[in-house]
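Descriptive analysis of the structure
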Amino acid sequence: MDRVNHDAERDMEPIEVPHGAATLDRPGLMPAGREAPEVEVVIPVFNEERDLAPSVRRLHAYLRDAFPWTARITIADNASTDRTWAIATDLADRLPGVRAVHLDQKGRGRALHQVWSASDADVLAYMDVDLSTDLAALLPLVAPLVSGHSDLAIGTRLARGSRVVRGPKRELISRSYNLLLRTALAARFSDAQCGFKAIRADRARELLPLVEDTGWFFDTELLVLAERRGLRIHEVPVDWVDDPNSSVDIVATATADLKGMWRLARGMASGRIPVSALPNEEHAGVPRGLGSQLLRF
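Criteria and thresholds
- Residues numbered from 1 in each chain as written.
- Predicted model: local features only at pLDDT ≥ 70, side-chain atom pairs only at ≥ 80, totals over all residues.
- Heavy atoms only, no water.
- Helix = DSSP H or I, 4+ residues; strand = E, 2+ residues; numbered from the N terminus.
- Buried < 20%, exposed > 50% of the residue type's maximum accessible area, 1.4 Å probe, protein only.
- Arc of directions from axis to C-beta.
- Contact = heavy atoms within 4.5 Å.
- Pairing = 2+ DSSP bridges.
- Salt bridge = Lys/Arg side-chain N within 4 Å of Asp/Glu carboxyl O.

1. Considerations on unusual backbone geometry
For Asn-47, which is not glycine, the phi dihedral falls at a positive 50°. Summarising the element assignment, Asn-47 is placed in the loop between strand S1 (39-45) and helix H2 (52-66). With a relative accessible area of 27%, Asn-47 lands in the partly exposed category. Within the chain, Ala-79 stands out as a residue other than glycine whose phi angle is a positive 60°. Within the element layout of this structure, Ala-79 appears in the loop between strand S2 (71-78) and helix H3 (84-94).

As structure tokens, this is what we get:
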């Protein structure tokens, strides 16, 4: 594990923890060492020293004051090279119900796979560190999983009721990508890329061994496999504001997603990736014309 930068810790602003925040008289943040929380929220990060502390404080306050279930926040550091890890460990030391996990390799999918696989929570969620999605959507995201009504839940920016603020380039790429998923892989969910998702832990244990991607395609692969196995996916319209300072490389991410889509389609068609047969057999395996669709895109 990386050594903590103590100079960076001393430079951080002090974090105030309100009196009674660590008590268990009501649902809220679950202090380390206590019984398993009902919900674990993972925040994967790579070089996010600017956004990490204010975002975790904001999420922590929401879970403490407005969330009806016990919860834990896990910061999953993907081999950051700036002060992110030092800030993450400081937050974990100061805030009840926050912990930090360090990975030696990059990859959002790798971080989620590792933390979710080891979690003792009943429901596993994740969100992007910039909190582009309004936290008011977290309760409706998690509720159908806690109740057992659904198996996975996703935030969607492409449904009626969603309010989205982002540039035309990102809007075009997002809509094109989801359209390709629907035509090439017969996906029925509306938004694969929104960084706001949750899954029941028992379903995660079934699906995670099948998911190969360790990067940004992780979400899409998980959703496609879940849908092919007949699991119930709940969609929540979200209010979403684009982060203009996002460090995501759009071109590189789109290229990796297309490669992942092709790999997934071939794996399901060959039987290397086992999935339950769909009720409509024409949707099984690789849909007709997949290769030409990918090339045209």
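2. Considering helix H4 (residues 108-118)
Every buried residue belonging to H4 is among Arg-108, Gly-109, Ala-111, Leu-112, Val-115 and Trp-116, and all of these are buried. Taken around the axis of H4, the buried residues stretch over an arc of 155°, which confines them to a single face. Contacts made by the buried residues of H4 are with S1, S2, strand S3 (98-103), strand S4 (123-127), strand S7 (196-200) and helix H8 (218-228).

3. Examining the pairing of S3
Across 6 bridges, the pairing between S2 and S3 is parallel. Each bridged residue has a counterpart across the sheet, and for Ile-75 the counterpart in S3 is Ala-100.

4. Quick notes on the pattern of salt bridges
Counting across every chain of the model gives 19 salt bridges. Ionic pairing is found between Asp-191 and Arg-157, a salt bridge with its closest N-O pair at 2.8 Å. Of this pair, Asp-191 sits in the loop between helix H6 (168-184) and S7 while Arg-157 sits in the loop between strand S5 (152-156) and strand S6 (163-165), and the two are 34 residues apart along the sequence. The class of Asp-191 is buried, set by a relative accessible area of 0%. Lys-197 is paired through a salt bridge with Asp-219; the nearest N and O atoms lie 2.9 Å apart. Here the residue Lys-197 occupies a position in strand S7, and Asp-219 occupies one in helix H8, the gap between them amounting to 22 residues.

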